[in-house]
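One letter stands for each residue in the lines below.
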Amino acid sequence: MTAKKLLAPFYERLALVLIGFLALGYLIIIGKDLLDPMIFGFIFAILLLPVSNFLERKCRLPRSASSLVAILLLVALVGGILYLVGSQISNVANDWPMLKNQVTQSLKDLQEWIQGTFHINADKQMHYVHTTADKIMASGSDVLGTTFGAISSLMLFYTFIMIFTFFILLYRRLLLRFIIWVFRDENEHVVMDIVQNIQSILRQYILGLLLEMVIVAAVAITAFWIIGIKYAALLGIIVGLFNIIPYIGIFTALLLSAVITFATGNIKETIIVIGSVVGIHAIDANFLLPTIVGSKVRLNALISFIGIILGEMIWGLSGMFLSIPVIAIFKIIFDRIESLKPWGYLLGGDYEYKKKAAAELKTE
């Protein structure tokens, strides 16, 4: 009996693939509390691996100490960014009386517009506002408890990420030997090729995002300073930070920048800031992103967008961050396994294969 006859019909294989995807999705959803910080820890471990190796080889530190020092350096870097953002926010807090007057005047203008457009007088509007405020204050304890719980969960989540990062760095060789053992020694070269490419491409992706964030923030701060926006540094940092969220981040940065500018300036400045943010995003998407973040793994825009939406549906904001790296990992694996190469082609598209074909024609 030939191998062709042993193959199951296409509809059976398709059904098995769909059932496998559904089962995998269900396991991912119920395993969020474990998998979410573990994948972040895996990505941070790859990012910190050169630092840990340097401390281990050059400074003669034991692996546990080198892993801990590398994590402390990462925490210090994140703490520095948070301190920079906090110092800018404190400047806004110092100008709170001016902001309050600006918001009061804006609300007064809005009341007059509503009264002239919808014929709802100011007394009725204030009645609606006070009724809503009373409802919010009545549930204030619930809101406070929910906020405290969310902050506590977030801090616990970050703690778990650091713990996973430490243990993955500490037991990296054990994990690598385990993977090679599982896939047998005859496949060691394929496993090592996949592992090395995952390390290289994820590190390139993360460092590229960080560099892109710094450049976008610097350009935004410069543009806002030239325009004459009061909180140019804060708005520029907001644009740079939210820019690392693919597709969705630009809308969040646009909204926050518009609200802060409107509260501290006028309509004209708000419109200019909105136009500046859109222009910076257009330059970033067409020039900076392909040049800085572009890597050997090129994901087509459709798959990237679908992955981001699915990531948000499954894991929320963290799923949006992890979607692109996880899809890139799958593409690396698919491209190196013969039976899965069509899936790798689907994730990447024609660009990479046309490039390979052109390279082959040159060598002939």
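Refer to the preceding data block for the structure.
Below is a short write-up of the structure. None of these values were measured; they are calculated from a predicted model.

What about the side chain of Ser-276?
At step 1: Its location among the elements puts Ser-276 in helix α12 (residues 267-293).
At step 2: With sequence-adjacent residues up to four places away left out, Ser-276 is seen in contact with Phe-224 and Ile-227.

Thoughts on empty space enclosed by the protein
At step 1: Applying the stated criterion to the full structure yields 1 cavity of 30 Å³ or more.
At step 2: Along its surface, the largest cavity is lined by Val-239, Phe-242, Asn-243, Gly-249, Ile-250, Ala-253, Val-277, Ile-280 and His-281.
At step 3: Going through the elements one at a time, α10 (232-242), α11 (249-264) and α12 are the ones with two or more residues in the lining of the largest cavity.
At step 4: Residues belonging to the lining of the largest cavity are distributed by class as follows: 6 nonpolar, 3 polar and no charged.

As for the packing of helix α13 (residues 301-315) against helix α14 (residues 317-335)
At step 1: Between α13 and α14, the shortest axis-to-axis distance is 7 Å and the interhelical angle comes to 140°. Viewed along their axes, α13 and α14 adopt a mutual orientation that is oblique. Like other packed secondary-structure pairs, α13 and α14 cross with a definite hand, here right-handed. On α14, the residues that touch Ile-303, Ser-304, Gly-307, Ile-308, Gly-311, Glu-312 and Trp-315 of α13 are Leu-317, Ser-318, Gly-319, Met-320, Leu-322, Ser-323, Ile-324 and Ile-327.
At step 2: Looking at the contact of α13 with α14 residue by residue, the class counts come to 8 nonpolar, 6 polar and 1 charged.

Some words on the pattern of salt bridges
At step 1: Tallied over the full model, the rule gives 6 salt bridges.
At step 2: Asp-36 is the partner of Lys-32 in a salt bridge, and the nearest nitrogen-oxygen pair spans 3.4 Å. Here Asp-36 and Lys-32 lie together in helix α3 (residues 32-57), a separation of 4 residues that amounts to about one turn.
At step 3: Here Lys-32 falls in the partly exposed class, since its relative accessible area comes to 27%.

A word on helix α15 (residues 341-348)
At step 1: For α15, the full list of buried residues reads Gly-344, Leu-347 and Gly-348. Angularly, the buried residues of α15 cover 90° about the axis, an arc narrow enough to put them on a single face.

Quick look at a nonpolar patch on the surface
At step 1: On the surface, Tyr-26, Leu-27, Ile-29, Ile-30, Leu-302, Phe-305, Ile-306, Ile-309, Leu-310, Met-313 and Ile-314 cluster together into a nonpolar patch covering about 1100 Å² of accessible area.
At step 2: Counting only elements with at least two residues in the nonpolar patch, the list comes to α2 (10-30) and α13.
At step 3: Here the nonpolar patch gets 7 residues from one element, more than from any other, and that element is α13.
At step 4: As for its position among the elements, Met-313 is in helix α13.
At step 5: Judged by relative accessible area, which is 60%, Met-313 ranks as exposed.

The rules behind each value
Residues numbered from 1 in each chain as written. Predicted model: local features only at pLDDT ≥ 70, side-chain atom pairs only at ≥ 80, totals over all residues. Heavy atoms only, no water. Helix = DSSP H or I, 4+ residues; strand = E, 2+ residues; numbered from the N terminus. Contact = heavy atoms within 4.5 Å. 1 Å grid on protein atoms, 1.4 Å probe; cavity = no way out; pocket = protein on both sides within 12 Å on 5 of 7 lines; lining within 4 Å. Points joined across faces, edges and corners; volume = space filled by probe spheres on them. Nonpolar A, V, L, I, M, F, W, Y, C, P; charged D, E, K, R; others polar. Axes fitted to C-alpha atoms, helices over the stretch in contact; angles between N-to-C directions. Parallel < 35°, antiparallel > 145°, perpendicular 65-115°, else oblique. Left-handed = near helix turned anticlockwise from the far one by under 90°. Salt bridge = Lys/Arg side-chain N within 4 Å of Asp/Glu carboxyl O. Buried < 20%, exposed > 50% of the residue type's maximum accessible area, 1.4 Å probe, protein only. Arc of directions from axis to C-beta. Patch = residues over 30% accessible without salt bridge, like charges linked within 9 Å, V, L, I, M, F, W, Y side chains within 5 Å. Areas by Shrake-Rupley, 256 points an atom, 1.4 Å probe, with all protein chains shown as cover.

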